[in-house]
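A closer look at the structure
Residue-level listing of the chains:
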Amino acid sequence: MLLSRRTILAAGLAVPALPRLAQAQARWQFATPYPDGNFHTRNIRDFITAVESGSGGRLSIQLHSNGGLLPMPQIKRGAQTGQVQLGEILISAYGNEDPLLEVDSIPQLVTTYAGARKLADLSRPMLEARLARQGLSLLYTVPWPPSGFYTNFPVDTLEALRGTRMRTFNVMTNRFATLVGATPTLVQAAEIPQAFATGVVNSMVTSAATGVDSAAWDYARFFTPIGFTWTKNAVFVNRRALEALPAEVQATIRSAAAAAETRGWAMSEAARDSTQATLAARGMTVTEASPALMEGMARIGATMADEWAGRAGEDGRKIIADLRAAG
């Protein structure tokens, strides 16, 4: 005869230990569009290690890199719906949803990492609020190294880009291509080599890190760093999934995210120098931008900043004003 728990208690017998619900392991999925060797992905792996260790085994996270589970255009929606619990995106790639998400892709708006940090701080509360309305909690942001032009010809002035087929990856690079007389073509990072090989594009502006990821020396001869932008990636979490965890595990995630942000900014600066050196070592010509090229960039940057402020409304104008006031 089977004894019930009540019978056992009444008889004064020892009660078999029941598993503690608090120790039940949650298993999360994390989607990123970038390859394993990219510094953003390496930073994420360190973040995951810190969370899993700090949670005492109560949370495990499986990372799906290089768009293996979801391509970037689907990652934010995937986190909103719970298909994944964690995601990483290039913030400006979602500029069609809200112009405010484009602020860090305005050419020459900031020209140093210090300026990029100030812009990130000014725009963060607004980014957090927009993600919160969509059921997401922002964990951290990390910038890409400043961008440059990839071509098979020297770029001494912006006129050299006229008539090219330019790879773009967000609203602002699309607008930039149009302003310089190039034909914009949206191409995700993982598809860059094929796009160049098939002639879909023959120029692009992006970071040296992306150039290394895509083996740019196989399809381009020149890299001209111009400090185009310091676009940022954001890592976020489904808010319901986060709030379902014990408070101490939530605190572990927040602490690991703060560390990942600090570490990621340092990794970005290091990647700026190391990846440019890699491009040169693999045979690409890394050329210093000419004064005429930078003058042209300043003019287009001013035009695009004015256009953006008109679209972004009061929040956008406040960010620009506060950034300029900070010097």
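Note that the structure is a prediction, hence the values are computed from the model and not measured.

With respect to the pattern of salt bridges
- Overall, the coordinates contain 18 salt bridges when judged by the stated rule.
- For the salt bridge of Glu97 with Lys76, the shortest nitrogen-to-oxygen distance reads 2.8 Å. Of this pair, Glu97 sits in the loop between strand E3 (86-90) and helix H4 (113-132) while Lys76 sits in helix H3 (residues 72-81), and the two are 21 residues apart along the sequence.
- Here Glu97 falls in the partly exposed class, since its relative accessible area comes to 45%.

Quick word on the packing of aromatic side chains
- Enumeration according to the criterion identifies 8 aromatic pairs in this entry.
- With centroids separated by 5.7 Å and ring planes inclined at 80 degrees, the aromatic side chains of Tyr113 and Trp230 adopt a geometry described as edge-to-face. Here Tyr113, found in helix H4, pairs with Trp230, found in the loop between strand E9 (222-225) and strand E10 (232-238); they are 117 residues apart in sequence, far enough to count as distant.
- With relative accessibility at 8%, the residue Tyr113 sits in the buried group.
- Ring centres of Phe176 and Phe228 lie 4.9 Å apart, and the angle between their planes is 75 degrees; this geometry places the pair in the edge-to-face category. Note that Phe176 is positioned in helix H5 (residues 171-179) and Phe228 in the loop between E9 and E10, a separation of 52 residues in sequence.
- Arg117 extends its terminal NZ or CZ atom over the ring of Trp265, reaching a point 4.3 Å from the ring centre.

Calculation criteria
Residues numbered from 1 in each chain as written. Predicted model: local features only at pLDDT ≥ 70, side-chain atom pairs only at ≥ 80, totals over all residues. Heavy atoms only, no water. Salt bridge = Lys/Arg side-chain N within 4 Å of Asp/Glu carboxyl O. Helix = DSSP H or I, 4+ residues; strand = E, 2+ residues; numbered from the N terminus. Buried < 20%, exposed > 50% of the residue type's maximum accessible area, 1.4 Å probe, protein only. Phe/Tyr/Trp six-rings, centres within 6.5 Å; stacked < 30°, edge-to-face > 60°. Lys NZ or Arg CZ within 6 Å of the ring centre and 35° of its normal.

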